[in-house]
Amino acid sequence: MPLTFRRARPDDVDAAIPLIYSSGPDAFDYAFARPGRNSAQDFLHYAFLQGGGQFGWRQHWVGERDGEVVAAGTVFGGEVNLGYMLAATRQIFGYFGLGAPRVIVRGLQLERIICPPPRKTLYLAHLGVTQDLRGEGLGSQLIDHFLQYGRHAGLPMAALDVSVANPRAQALYERFGFSVQAERTSTLPGVASHRYMQRPL
């Protein structure tokens with residue numbers, strides 16, 4: 001059954017956050033989880049409701065089946081890197097308070113593995129599908145939706161990052177014509193190395 005895609009709303013938060021988190025749990029945990037104090041999903045929930053930046057509801061799309069949100073993701077390009085950085089900084093200070101500098105340092109460490117995208121590139125991120133429905137083609141529909149969006153926007157290139165620990169996702173992206181351009185080795189505890197992939201639009 002085809003999904004219906006629409007822009008996310010604040011009231012999608014409870015359905016969307018587990019999907020967004022599933023796109024990179026190790027990286028999200030490294031940056032935002034504080035054992036005994038908060039989970040990464042707690043911060044993502046807060047940031048989603050703030051609306052702005054790469055974690056906000058305004059930047060996300062959701063896919064519905066029978067009125068239920070079963071897929072989520074976002075796309076952006078290098079033109080928004082500075083704005084997203086400023087929004088994330090505000091959200092991190094708003095949520096973590098005096099603990100914000102440590103979180104920011106960890107985020108900068110992650111950016112050496114999952115780098116901000118270049119300009120004039122459709123960068124796919126936070127792609128997630130409900131676990132019980134994986135393998136039913138929903139991820140393909142989500143990717144196809146975003147590629148069509150990029151073509152309509154006149155962008156020349158699409159790109160994404162994939163964890164080396166997720167060969168199934170990499171195989172899916174390769175079926176869509178993405179190819180590995182670089183592998184960025186991780187030395188961060190619990191965070192796998194990532195591969196940067198791209199394809200022409």
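Here the structure is shown first, and the text comes after it.
Residues numbered from 1 in each chain as written. Predicted model: local features only at pLDDT ≥ 70, side-chain atom pairs only at ≥ 80, totals over all residues. Heavy atoms only, no water.

Undergrad: Would you take a moment to explain the packing of aromatic side chains for this structure?
TA: Given two aromatic rings, their pairing is described by the distance between the two centres and the angle made by the two planes. Using the criterion set out here, one finds 14 aromatic pairs in the structure. Taking 4.9 Å as the distance between ring centres and 75° as the angle between the ring planes, the aromatic pair formed by Tyr95 and Phe96 counts as edge-to-face. The class for Tyr95 is partly exposed, based on a relative accessible area of 25%. Given the relative accessible area of 5%, Phe96 is considered buried. By way of ring pairs, the aromatic residues Tyr21, Phe28, Phe32, Phe43, Tyr46, Phe55, Tyr95 and Phe96 are connected into one cluster. Lying over the aromatic face of Tyr30, Arg106 brings its terminal NZ or CZ to 4.4 Å of the ring centre. (Phe/Tyr/Trp six-rings, centres within 6.5 Å; stacked < 30°, edge-to-face > 60°. Buried < 20%, exposed > 50% of the residue type's maximum accessible area, 1.4 Å probe, protein only. Lys NZ or Arg CZ within 6 Å of the ring centre and 35° of its normal.)

Undergrad: Looking at this model, I keep getting lost on the sheet that holds strand β4 (residues 121–129). Mind explaining?
TA: Whether parallel or antiparallel, the strands of a sheet pair through hydrogen bonds between backbone atoms. Spatially, β1-β2-β3-β4-β5-β7-β6 is the arrangement adopted by the seven strands of the open sheet, whose pairing is mixed. With partners counted over all chains shown, the strands left at the sheet margins are β1 (4–7) and β6 (179–184), one partner each. Taking each pair of neighbouring strands and ignoring which way they run, the sheet shows an average axis angle of 30°. Relative to strand β5 (residues 157–163), β4 runs parallel, the two being bridged by three bridges. Looking at β5, one finds that Tyr123 is bridged to Ala159. Running over the sheet, helix α6 (residues 138–152) touches β1, β2 (60–65), β3 (68–76), β4, β5 and β7 (194–200) and is turned about 160° from β4. (Pairing = 2+ DSSP bridges. Helix = DSSP H or I, 4+ residues; strand = E, 2+ residues; numbered from the N terminus. Axes fitted to C-alpha atoms, helices over the stretch in contact; angles between N-to-C directions. Contact = heavy atoms within 4.5 Å.)

Undergrad: What should I look at first to understand helix α2 (residues 25–32) in this one?
TA: Taken residue by residue, α2 has Ala27, Phe28, Tyr30, Ala31 and Phe32 as its buried positions. For α2, the angular spread of buried residues about the axis comes to 165°, placing them on one side. On its buried face, α2 sits against α1 (13–22), α3 (40–50), α4 (81–96), α5 (100–110) and β4. (Arc of directions from axis to C-beta.)

Undergrad: Honestly, the side chain of Asn38 in this entry has me stumped. Any pointers?
TA: With respect to the helices and strands, Asn38 occurs in the loop between α2 and α3. A distance of 2.9 Å separates a polar atom in the side chain of Asn38 from the backbone oxygen of Phe32. Looking at Asn38, its side chain comes within polar contact range of the side chain of Arg34, at 2.5 Å. Leave out the neighbours within four places in its chain, and Asn38 touches Phe32, Ala33, Tyr95 and Phe96. (Polar contact = N/O pair within 3.5 Å; in protein donor to acceptor, adjacent residues only side chain to side chain.)

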